[in-house]
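Chains, contacts and geometry: an overview
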Amino acid sequence: MTQITNGELFENIKGMLCNSGTDTPEFEAYCIFEDIMGIDRTSLMLKGTEIADAERAEKAVSLAKRRCTGEPLQYLLGEWEFYGLRFKVGKGVLIPRPDTEILVDTVIEFFRGRNVKEPEILDLCSGSGCIAAALKNNIPFAKVTALEYSTEAMPYLVENLRRNSPDVKILKGDVMDGRMLDNYRIEDSEGDYRRIDCIVSNPPYLTAEEMSSLQKEVSFEPAAALDGGADGLKFYRVIAVLWKEILCDGGLLAFETGWEQGAAVSDILNRSGYENIRIIKDYGGRDRVVCGTRCAD
């Protein structure tokens with residue numbers, strides 16, 4: 001690569017991303033520039049006329065070219081921020097998204113003011129572990145468990161919890177498999193389960209139609225973390241009934257949902273023995289979280 005200044009390199013990368021149809025070319029160019037060149041937005045104003053390091057510049061351009069093919073920026077950078085924490089991400093694990101922070105907010109708000117000394121929380125379909133880690137960091141006295149089935153996602157989950165919340169317990173298994181409830185069976189009882197205070201989940205919820213027409217960058221993410229069956233609701237139906245067995249009376253079940261699924265998931269909770277059901281909007285005013293508490297037996 002011929003000599004080029006940092007400012008010229010930045011403009012070249014931004015132009016590449018813009019021409020490829022990227023929605024936020026300037027933001028993504030800054031992300032790539034800071035990660036590879038080690039120069040943030042403010043420093044670029046001071047170092048814009050300096051000659052760019054050739055080796056790093058070549059790597060930055062290579063990354064930008066891959067981004068132009070649709071590969072997610074988060075995968076290219078190797079990590080992403082969620083709820084003020086950094087999480088390793090890559091092929092095989094769902095990318096943490098800002099709207100999921102609303103799900104974390106919902107659980108934190110539920111326990112605020114409640115006299116529960118050590119609430120027990122279970123994060124189903126944990127993926128990168130971003131929800132479990134964020135909850136443990138913001139409710140430090142809670143006992144948090146993360147359950148994940150994917151062999152590909154598991155290394156990310158283990159590493160992310162190690163670096164952010166090492167006290168979170170990890171279980172490997174399928175949320176659709178009733179045998180996983182045995183982890184909560186009381187020893188020396190006649191099949192009774194230990195009850196917990198909260199179940200939270202961002203399950204796969206895309207419909208078959210949505211899976212057939214994914215945006216290019218979403219298609220790089222694992223299908224198993226996206227596919228919610230024909231109508232996108234199969235995980236909600238199973239979790240609401242199966243995992244209710246270990247939820248205490250008045251305990252919270254909180255789901256992230258697709259923006260058109262609020263009413264349908266609310267109906268599932270209502271028919272499955274939950275009350276105080278709420279639909280919570282995301283930053284764009286669309287349905288994003290549905291939650292309810294288990295009715296007393």
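Residues numbered from 1 in each chain as written. Predicted model: local features only at pLDDT ≥ 70, side-chain atom pairs only at ≥ 80, totals over all residues. Heavy atoms only, no water.

**Let's talk about the overall build of the protein chain**
- Counting secondary structure elements, the protein chain contains 11 helices and 9 strands.
- Referenced to the eigenvectors of the C-alpha coordinate spread, the extents of the protein chain come out at roughly 75 × 40 × 35 Å.
- For the protein chain, the proportion of its 297 residues judged to be buried stands at 53%.
- Put simply, of all contacts in the protein chain between residues at least 6 apart along the chain, 63% involve residues at least 24 apart. (Helix = DSSP H or I, 4+ residues; strand = E, 2+ residues; numbered from the N terminus. Buried < 20%, exposed > 50% of the residue type's maximum accessible area, 1.4 Å probe, protein only. Contact = heavy atoms within 4.5 Å.)

**Digging into unusual backbone geometry**
- Positive phi outside glycine occurs at Cys125, with the angle close to 60°.
- Tracing the chain through its elements places Cys125 in the loop between β3 (120-124) and α7 (130-138).

**A few points about helix α1 (residues 6-19)**
- An ideal rise of 1.5 Å per residue puts 20 Å on 14 residues; α1 measures up with 20 Å between its terminal C-alpha atoms.
- Considered for burial, the residues of α1 that qualify are Asn6, Leu9, Phe10, Ile13 and Leu17. Along α1, the residues classed as buried sweep out an arc of 100° about the axis, all on the same side.
- Next to the buried residues of α1 lie α2 (25-37), α3 (41-47) and α4 (54-68).
- Positioned one or two residues after α1, Gly21 has a phi angle of 95°, which is positive. (Expected span 1.5 Å × (residues − 1). Arc of directions from axis to C-beta.)

**Focus on the sheet that holds strand β8 (residues 274-281)**
- Read from one edge to the other, the open sheet built from 7 strands follows the order β5-β4-β3-β6-β7-β9-β8, with strand pairing classed as mixed. The sheet is open, and its two borders are formed by β5 (169-172) and β8, each paired with just one other strand. The average angle at which neighbouring strand axes cross in this sheet is 15°, direction not considered.
- Here 6 bridges tie β8 to strand β9 (residues 287-294), and the two strands are oriented antiparallel to one another. From the neighbouring strand, Glu275 faces β9, where its bridge partner is Thr293. (Pairing = 2+ DSSP bridges. Axes fitted to C-alpha atoms, helices over the stretch in contact; angles between N-to-C directions.)

**Examining the packing of helix α10 (residues 234-242) against helix α11 (residues 262-271)**
- Contact pair α10 / α11: the axes reach a minimum separation of 9 Å and the direction vectors enclose 25°. What the angle tells us is that α10 and α11 run roughly parallel. Of the two possible hands of crossing, α10 and α11 adopt the one that is right-handed. Contact residues: α10 offers Tyr236, Arg237 and Ala240, while α11 offers Val265, Ile268 and Leu269.
- Residue composition of the contact of α10 with α11, grouped by class: 5 nonpolar, no polar and 1 charged. (Parallel < 35°, antiparallel > 145°, perpendicular 65-115°, else oblique. Left-handed = near helix turned anticlockwise from the far one by under 90°. Nonpolar A, V, L, I, M, F, W, Y, C, P; charged D, E, K, R; others polar.)

**Focus: the packing of aromatic side chains**
- By the definition in use, this model includes 6 aromatic pairs.
- Their ring planes at 90° and their centres at 5.8 Å tell us that Phe10 and Phe33 sit as a pair that is edge-to-face. Placement of the pair is Phe10 in helix α1 and Phe33 in helix α2, with a sequence separation of 23 residues. As far as the burial class goes, Phe10 and Phe33 line up, both buried.
- Relative to Phe87, the ring of Phe82 has its centre 6.3 Å away and its plane inclined at 70°; by these criteria the two rings are edge-to-face. Across the pair, exposure class does not vary: Phe82 and Phe87 are buried alike. (Phe/Tyr/Trp six-rings, centres within 6.5 Å; stacked < 30°, edge-to-face > 60°.)

**With respect to the environment of Gly251**
- Counting through the fold element by element, Gly251 comes out in strand β7 (residues 247-256).
- Expressed as a C-alpha distance, the spacing of Gly251 and Thr293, which sit 42 residues apart in the sequence, is 5.2 Å.
- What Gly251 contacts, discounting residues up to four positions off in sequence, is Asp197, Gly292, Thr293 and Arg294.

**Topic: the environment of Arg86**
- You can see Arg86 is positioned in strand β2 (residues 85-88).
- On the accessibility criterion, Arg86 (37% relative accessible area) is partly exposed.
- Between the alpha carbons of Arg86 and Phe235 there is a distance of 28 Å; along the sequence they are 149 residues apart.
- The residues touching Arg86, leaving out its near neighbours within four places in the chain, are Glu79, Trp80, Glu81, Asn160, Arg163 and Asn164.
- In terms of polar contacts, Arg86 uses its side chain to reach the side chain of Glu79, at 3.2 Å. (Polar contact = N/O pair within 3.5 Å; in protein donor to acceptor, adjacent residues only side chain to side chain.)

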